[in-house]
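Coordinate analysis (summary)
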Amino acid sequence: MGTAGKKIVGMDIKKLVSMLNKALADEWLDYYQYWVGSMIVKGPMRPNVEAELREHAEEEFKHAGMLAERIVQLGGTPLLSPYDWKANSGCGYDSPKDPHVLALLKQNIKGERCAIGYYHKMLETVKLGNDPITFNLIRKIMEDEVKHEQDLENLQEDIELIKR
Ligand code: FE
Ligand code: FE
Ligand code: MG
């Protein structure tokens, strides 16, 4: 990265890269959890849930790309192996063992809540260092995660209303 571009980061770049790599690991795990969930999902409103899970998978994939681009721009290296994902992950991976719509939604809501918490913490750290580029990147990703949580909660609510 350029000299001036590095100077404005205002925090330890190695630390920043490792935070971004942790987020990158989580985005890949989120991507796969949504993707495989969309393949196996069963139950009421299956097409709606399947489409939502697929859409979120695509968005997590985009987040992974945004994070990796920033890591490279900072002179870092994005995690080079899928074997590194689990070890670097902050939110972990929940295998969707129960394919029922409500079970999948519950698992993914938990994941989104963890992601929102992680990004919020990261935003506070980045704000202190005053790196506007990374700050804006994380803010944009977080906006999507907030929407993801809400979309899943809405589906959960609608499916639970069927029983009434
Ligand atoms: Fe994401
Ligand atoms: Fe998400
Ligand atoms: Mg959505």
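As a reminder, the structure under discussion sits directly above these lines.
Below, the structure is looked at part by part. (Residues numbered from 1 in each chain as written. Chains lettered and ligands numbered in written order. Predicted model: local features only at pLDDT ≥ 70, side-chain atom pairs only at ≥ 80, totals over all residues. Heavy atoms only, no water.)

Within the protein, the atoms that donate to the iron ion (ligand 1) are E27 (OE), E27 (OE), E60 (OE), H63 (ND1) and E145 (OE), at distances of 1.9 to 2.4 Å. Expressed as a motif, the donor residue spacing for the iron ion (ligand 1) is E-x32-E-x2-H-x81-E. Taken as a pair, the iron ion (ligand 1) and the iron ion (ligand 2) show a spacing of 3.9 Å, with E60 coordinating each metal. In this pair, E60 is assigned in helix 3 (residues 46-73) and E145 in helix 6 (residues 132-162), connecting sequence segments 85 residues apart. For the residue pair E60 and E145, the accessibility class agrees, reading buried in each case. (Donors = N, O, S within 2.8 Å, 3.2 Å for Na, K, Ca; no water. Helix = DSSP H or I, 4+ residues; strand = E, 2+ residues; numbered from the N terminus. Buried < 20%, exposed > 50% of the residue type's maximum accessible area, 1.4 Å probe, protein only.)

On to a nonpolar patch on the surface, then. A surface patch of nonpolar side chains, amounting to about 360 Å² of accessible area, comprises Y32, W35, M39 and I40. By the secondary structure assignment, W35 is in helix 2 (residues 13-40). Overall, the relative accessible area of 30% leaves W35 in the partly exposed class. (Patch = residues over 30% accessible without salt bridge, like charges linked within 9 Å, V, L, I, M, F, W, Y side chains within 5 Å. Areas by Shrake-Rupley, 256 points an atom, 1.4 Å probe, with all protein chains shown as cover. Salt bridge = Lys/Arg side-chain N within 4 Å of Asp/Glu carboxyl O.)

Let us look at the coordination of the magnesium ion (ligand 3). The protein atoms that coordinate the magnesium ion (ligand 3) are E52 (OE), E55 (OE), H56 (NE2) and D151 (OD), at distances of 2.0 to 2.7 Å. Every donor residue of the magnesium ion (ligand 3) comes from the same chain, spaced as E-x2-E-H-x94-D. Here E52 pairs with H56, and both are found in helix 3, just four residues apart, close to one helical turn.

Turning our attention to the pattern of salt bridges. All chains considered together, the criterion is met by seven salt bridges. The residue R70 makes a salt bridge to D131 at a minimum N-O spacing of 3.4 Å. Linking R70 in helix 3 with D131 in the loop between helix 5 (101-129) and helix 6, this pair joins segments that are 61 residues apart in sequence. Just as R70 is buried, D131 falls in that class too. Taken together, the salt bridges that share partners define one network made up of R113, E149 and E153.

Within the largest apolar cluster, 25 residues are counted, with the highest numbers of intra-cluster contacts made by L16, L20, L67, L74, Y119, M122 and I138. Within the residue set of this core, elements represented by two or more residues are helix 2, helix 3, helix 5 and helix 6. The residues touching L16, leaving out its near neighbours within four places in the chain, are V9, M11, L74, M122, V126, D131 and T134. Y34, A57, L104 and I159 belong to the second largest nonpolar core, which has 13 residues in total. (Core = buried A, V, L, I, M, F, W, Y, C linked by side-chain atoms within 4.5 Å. Contact = heavy atoms within 4.5 Å.)

Coordinates in, geometry out; function isn't part of it.
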